[in-house]
Amino acid sequence: MSLPCGYYNANYRQDMAIVRTRPHWVVLILGLAVLFALPLVASGRMLSTLNLIGITLILVHGINILTGYCGQISLGHAAFMMVGAYTSALLTVHLKISFWMALPIAGLGAGIIGLIFGAPSLRVKGFYLAMSTLAAQFIIPWIVVNVRPDITGGSQSFRVPAPTLGDITFNTQTSMFYIIIPIACLMTFFAKNLARTRMGRAFVAIRDNDLAAEVMGINVFRYKLFAFFISAVFAGISGSLWAHWMRVVSYTHFELHHSIWFLGMIIVGGMGYTTGAVMGVAFIRILDEFSATLSPIVATLLPAIAGQVSAALTPIVFGLVVLLFIVFEPRGLAHRWEIFKATYRIWPFSY
Amino acid sequence: MAITRRKFLKVCAGTGAAIGAAGIVPKIASAQKKPSLLRIACIADMTGPYAAIVGPAHNAFVDACQYVNERGGIKGVPVEPVVYDCGGKIDLAVSQYMSIREMKPKPLVTITIISSVGEALHDRYVEDKMMGINVASAEAIYPKANTFGWYPLYSDQFGLFCDWLKETWKEPRPPKLAFVTWDTTYGKAVLYPECYEYAKSKGIEIVGTELYTPRDIDLTAHVTRCRNKGADWIFSNTAGSGPVPILKAIKEIGWNDVKYCGGGVGYCWSTVYIAPQETEGAYGLMPWYGWDEPEQPGIKTITNYFNMKGRSPVKDRTVTYLMVWFYTVLLQDVMSKVVDAVGWEKLNSLTIKEQMFKVKNYSPLGCMPLTFTKDRMSPTKSRVVQVQGGKILPLTDFRECPDIRPAKFK
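Along every chain, residues carry numbers that run from 1 in the direction the sequence is written. Each chain is given a letter, starting from A, and each ligand a number, starting from 1, according to the order in which they appear as written. Thresholds applied to this predicted model are a pLDDT of at least 70 for local features of residues and 80 or more for the giving and counting of side-chain atom pairs; totals over whole chains, interfaces and linings are not thresholded and use all residues.

Here we look at the overall build of chain B
Next up, step 1: By the criteria applied, helices consist of DSSP H or I runs no shorter than four residues and strands consist of E runs no shorter than two, each listed in order from the N terminus. Of regular secondary structure, chain B possesses 15 helices and 14 strands.
Next up, step 2: In terms of principal-axis extent, the alpha carbons of chain B reach across some 105 × 45 × 40 Å.
Next up, step 3: Residue burial in chain B is summarised as follows: out of 410 residues, 53% are buried.
Next up, step 4: The contact rule is simple: place each C-beta atom from the backbone, and if two of them lie within 7 Å, those residues are in contact. Taking contacts inside chain B between residues at least 6 apart in sequence as the whole, the part at least 24 apart equals 69%. Partly exposed residues are those whose C-beta has more than 12 but fewer than 20 other C-beta atoms within 10 Å; 20 or more makes a residue buried and 12 or fewer makes it exposed, with C-beta atoms placed from the backbone.

Right, here's the structure in full:
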């Protein structure tokens with residue numbers, strides 16, 4: 001009996017490799033080269049959108065680890081992002097700590113807060129856990145606004161300096177691109193690898209059946225807390241980058257609907273896939289840009305109905321596309337990508 | 001060497017021609033630098049939380065620019081509006097600003113009709129040598145840089161209200177006031193310590209501060225607490241439908257002897273349209289002539305255009321429509337003066353900014369008294385109004401607002 005044609009792994013090392021074939025390496029290197037050369041040709045708006053995608057991607061990877069791999073739902077990730085943003089802002093403004101130091105501290109700070117709000121995951125799951133993480137979305141902003149408004153700015157916005165490195169100030173979209181995108185790439189690599197470790201397999205076991213996982217000897221509570229910690233670290237780093245990219249932070253930047261949309265991104269992209277996070281974030285952010293760009297064009301082309309159409313177009317296009325997408329591809333873009341890859345591998349000889 | 005008369009005349013003619021050319025050529029070059037188009041940009045929340053008020057920004061810019069262009073534009077150069085809808089999303093607004101920044105010709109002024117966006121762009125305007133006009137959030141305007149306020153700061157207008165309340169208060173005891181306002185940057189812009197101190201200095205006792213979110217619809221508990229504390233007045237800095245739950249709660253608990261004042265820009269026609277019965281008799285602050293003063297020539301002009309273009313009396317008849325008109329006309333005047341003073345080649349955001357500081361008691365279309373100084377970069381005059389018979393009518397003339405911006409910005 002002969003095996004179907006295709007590429008076969010002959011040892012464990014090949015089996016574990018992320019980049020397995022020479023064409024993979026070529027595509028990866030070319031892709032990274034094109035990505036990092038983009039600022040040479042891209043407009044400021046495109047770079048701004050890419051920076052935003054990069055920042056959001058880091059956070060959504062965190063949600064993917066927590067929800068997609070470990071099966072723990074969170075409605076408080078915008079609040080964890082806020083912790084990172086304010087930690088970084090306060091350290092750089094009040095303590096004059098460098099952004100490069102503030103960034104990991106922001107991640108750790110958010111991670112610790114994530115642990116606290118993840119603690120109820122021992123006792124509750126599903127919608128109940130969602131409700132308990134929702135508490136973060138109310139408690140953290142309240143603390144930021146009310147506890148020490150003299151330090152945090154309270155309900156007023158808090159200005160954040162641009163990152164610096166020697167004499168270089170990263171105050172343009174291009175310069176921030178070279179901070180955000182490498183970090184996003186590293187975090188993507190980390191997220192991808194995490195799923196392939198002992199911890200990642202424990203997460204998946206807990207997601208699939210936490211009772212069975214416990215019977216197999218997995219310390220469920222410990223790993224759930226790990227998932228919350230790592231996920232919140234991702235959110236904290238994302239928040240720090242947000243603060244220094246936006247150059248201002250306010251508690252209104254991190255509201256409940258942001259948390260819901262972050263979950264929406266991973267649903268659209270495909271839960272449990274690293275590529276799903278990338279695709280979901282890119283899809284939603286580009287759709288956002290597209291629908292916002294479309295309405296003034298329609299308003300210009302159809303001035304008679306400009307007021308009515310332009311006001312309604314953005315939310316309608318946005319809502320409709322997401323709705324249709326979820327109806328027709330509930331397993332996300334990444335699933336579609338997997339089908340494409342499986343088909344492509346044996347094309348044109350499907351035997 | 002002796003010079004002949006012929007040579008002397010030749011030298012004189014040559015020198016004269018050279019001097020003449022030196023004078024004429026730059027003028028020709030200057031004339032050639034006259035642009036074919038000038039742009040004003042706007043980033044507004046036309047479909048997000050503030051859509052009820054800001055929604056008509058696009059229509060307003062189109063109509064106002066048509067008006068300005070029919071009157072010669074900027075020294076013969078037409079003005080084109082560039083309007084972006086950010087849907088209340090600050091990240092999207094920053095991306096849109098990047099488009100504005102790279103546009104050719106680059107818009108000379110960017111108007112942002114959402115506080116948080118103005119705050120995010122404050123430093124970027126300086127780095128990009130751009131000029132912005134933003135709604136009256138102190139954080140968007142100060143520290144003094146390249147951003148001007150659209151209207152007096154919310155805190156300054158609250159100060160004007162305190163002045164007026166002190167003057168009109170008849171009883172021997174001090175008036176008691178409670179804040180019931182949004183738990184947002186905008187709502188809390190009247191809750192600076194300076195606001196409390198100013199009220200106290202005017203003999204007004206602040207008896208309570210209640211916060212609610214824009215999504216709250218039942219404020220009975222908040223309003224009841226204010227009644228229990230003996231408040232005579234409720235002051236709120238909210239927009240669109242924001243005042244409605246307060247006014248409904250006042251009616252529902254049968255609290256007839258309390259008065260309500262809406263601060264800032266939020267209390268306007270869209271609010272009256274949403275709740276005509278509840279808003280009847282309520283007070284507000286308004287730094288311009290409004291839709292219900294049709295005898296005012298400027299309002300008459302705007303109303304004519306409004307009707308001519310078939311704009312919606314429900315959706316477009318908001319304060320944003322008026323404000324866009326006032327500032328488009330103001331910018332026509334300011335930019336024309338810059339061209340007169342420094343020529344086309346030096347017409348840029350920074351020269352416009354300098355010219356803005358020379359705006360003293362100027363009223364575009366006679367509708368809104370404006371004065372800008374290097375110290376105070378937002379307008380300084382407002383007036384007290386009241387809803388009477390479904391119309392917003394003035395109770396006072398335009399008056400100087402006290403400067404009670406936060407101390408850190410002085």
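There's plenty left to go through after this.
Focus on helix α4 (residues 90-102) of chain B
Next up, step 1: Here the expected length of a helix is defined as 1.5 Å per residue gap, with one fewer gap than residues. Spanning 13 residues, α4 of chain B covers 19 Å between terminal C-alpha atoms, matching the ideal 18 Å at 1.5 Å per step.
Next up, step 2: Buried residues of α4 of chain B: Ile90, Asp91, Leu92, Ala93, Val94, Ser95, Gln96, Tyr97, Met98, Ile100 and Arg101 of chain B, and no others.

With respect to the pairing of strand β4 (residues 131-134) of chain B
Residues and elements named next belong to chain B.
Next up, step 1: The side-chain alternation of β4 yields two buried faces, one formed by Met131 and Ile133 and the other by Gly132 and Asn134.
Next up, step 2: A pair of strands is treated as paired once DSSP finds two or more bridges between them. As paired strands, strand β3 (residues 109-113) and β4 are joined by four bridges and run parallel to one another. When the bridges of β4 are listed, Thr112 appears paired with Asn134.
Next up, step 3: Assessed by its sense of winding, the connection that carries the chain from β3 through helix α5 (residues 115-128) to β4 is right-handed.
Next up, step 4: The pairing of β4 with strand β5 (residues 147-149) spans three bridges and is classified as parallel. Paired with Gly132 across the two strands is Thr147, which belongs to β5. Here, the term right-handed applies to a crossover whose path from the first strand over the helix to the second runs clockwise when the strands point away from the viewer.

Examining the domain arrangement of chain B
Residues and elements named next belong to chain B.
Next up, step 1: Domain assignment breaks chain B into domain 1 (38-152 + 294-379) and domain 2 (154-286 + 385-409).
Next up, step 2: For domain 1 and domain 2, the distance between their C-alpha centres works out to 27 Å.
Next up, step 3: Contacts between the two partners involve 19 residues from domain 1 and, on the opposite side, 23 residues from domain 2.
Next up, step 4: Looking at the side of domain 1 that touches domain 2, the elements with two or more residues in it are α2 (51-54) and α5.
Next up, step 5: Polar here means any residue other than Ala, Val, Leu, Ile, Met, Phe, Trp, Tyr, Cys and Pro, which are nonpolar, and Asp, Glu, Lys and Arg, which are charged; Gly is therefore polar. Of the residues contributing to the side of domain 1 that touches domain 2, the split by class is 13 nonpolar, four polar and two charged. The domain boundaries here were taken from an automatic or database domain assignment.

Concerning the sheet that holds β4 of chain B
Residues and elements named next belong to chain B.
Next up, step 1: If you trace the five strands from one edge of the open sheet to the other, you get β2-β1-β3-β4-β5, paired in parallel fashion. Taken across any chain shown, the strands that pair with only one partner, and hence form the sheet edges, are β2 (79-85) and β5. With direction set aside, neighbouring strand axes in the sheet form an average angle of 20 degrees.
Next up, step 2: The strands touched by α5 within the sheet are β1 (38-44), β3, β4 and β5, with β4 carrying the most contacts at an inclination of about 160 degrees.
Next up, step 3: Only C-alpha atoms enter the line fits that serve as axes; for helices the fit covers just the stretch in contact. Angles between N-to-C directions range over 0 to 180 degrees. Against the sheet, helix α15 (residues 349-356) engages β3, β4 and β5, with an angle of about 50 degrees to β4.

Some details on the interface of chain B and chain A
Next up, step 1: Chain B puts 34 residues into the contact, and the matching count from chain A is 29 residues.
Next up, step 2: The residue makeup of the side of chain B that touches chain A, split by class, is eleven nonpolar, eleven polar and twelve charged.

Some words on the pairing of β3 of chain B
Residue and element names in this part refer to chain B.
Next up, step 1: In terms of burial, β3 is a largely internal element, five of the five residues being buried.
Next up, step 2: Burial of β3 is two-sided: the residues Val109, Ile111 and Ile113 facing one way and the residues Thr110 and Thr112 facing the other way are all buried.
Next up, step 3: With five bridges joining them, β1 and β3 adopt parallel strand pairing. By the bridge assignment for β3, Ile40 is matched with Val109.

Side note on the environment of Ala282 of chain A
All names here are of chain A.
Next up, step 1: With respect to the helices, strands and loops of the structure, Ala282 is situated in helix α13 (residues 274-301).
Next up, step 2: With 19 C-beta atoms packed within 10 Å, Ala282 lands in the partly exposed category.
Next up, step 3: Ala282 sits 232 residues away from Leu50 along the chain, and the two C-alpha atoms are 8.6 Å apart.

Quick word on helix α8 (residues 193-201) of chain B
All names here are of chain B.
Next up, step 1: Along α8, the residues that are buried comprise Glu194, Cys195, Tyr198 and Ala199. Angular distribution of buried residues about the axis of α8 spans 135 degrees; they occupy a single face of the element. When the buried face of α8 is taken as reference, the exposed residues oriented beyond 90 degrees from it are Pro193 and Glu197.
Next up, step 2: Summarising the contacts, the buried residues of α8 are in contact with α7 (154-168), β6 (176-182) and β7 (205-212).
Next up, step 3: Backbone geometry just downstream of α8 places Gly203 in the positive-phi region, at approximately 80 degrees. Of all possible arcs, the one meant is that of the directions from the helix axis to the C-beta atoms.

Description of the sheet that holds strand β9 (residues 259-262) of chain B
Residue and element names in this part refer to chain B.
Next up, step 1: Read across the open sheet, the seven strands follow the order β7-β6-β8-β9-β10-β12-β13; overall the sheet is mixed. With one partner strand each, in any of the chains shown, β7 and β13 (391-394) form the two edges of the open sheet. Neighbouring strand axes in the sheet, compared pairwise and without regard to direction, differ in orientation by 25 degrees on average.
Next up, step 2: As judged from the two bridges shared by β9 and strand β10 (residues 283-285), these two strands associate in the parallel manner. In the sheet register, Gly262 faces β10, and the bridge partner there is Gly284.

So, the packing of helix α9 (residues 198-208) of chain A against helix α11 (residues 220-246) of chain A
Residues and elements named next belong to chain A.
Next up, step 1: Where α9 meets α11, the axes come as close as 10 Å, and the angle between the chain directions of the two elements is 110 degrees. When the interaxial angle is binned, α9 and α11 end up roughly perpendicular. Packed against α9, whose contacting residues are Met199, Ala202, Phe203 and Ile206, the element α11 presents Val220, Tyr223, Lys224, Phe226 and Ala227 at the interface.
Next up, step 2: Split into classes, the residues belonging to the contact of α9 with α11 amount to eight nonpolar, no polar and one charged. Oblique is the label for any angle not under 35 degrees, not over 145, and not in the 65 to 115 range, which are roughly parallel, roughly antiparallel and roughly perpendicular in turn.

Some words on the confidence of the model for chain A
Next up, step 1: A score from 0 to 100, pLDDT tells how confident the predictor is in each residue. In the predicted model, chain A carries a mean pLDDT of 88, and 93% of its residues have values of at least 70.
Next up, step 2: The least confident element of chain A is helix α14 (residues 306-328) of chain A, whose mean pLDDT is 72; the most confident is helix α4 (residues 77-93) of chain A, at 95.

Looking at the environment of Pro78 of chain B
Residue and element names in this part refer to chain B.
Next up, step 1: Summarising the element assignment, Pro78 is placed in the loop between α3 (57-70) and β2.
Next up, step 2: Once the C-alpha coordinates of Pro78 and Leu37 are considered, the two residues, 41 residues apart in sequence, prove to be 5.4 Å apart.
Next up, step 3: Excluding residues within four positions of it along the chain, Pro78 makes contact with Leu37, Asn69 and Gly73.

Description of unusual backbone geometry
Next up, step 1: The omega torsion of the bond from Lys104 of chain B to Pro105 of chain B falls at -5 degrees, within 30 degrees of zero and hence cis.
Next up, step 2: A cis amide bond links Tyr142 of chain B to the next residue, Pro143 of chain B, at an omega of 0 degrees.
Next up, step 3: Residue position: Pro143 of chain B is located in the loop between α6 (138-141) and β5.
Next up, step 4: Even without being a glycine, Lys96 of chain A presents a positive backbone phi close to 55 degrees.
Next up, step 5: Along the chain, Lys96 of chain A falls in the loop between α4 and α5 (99-118).

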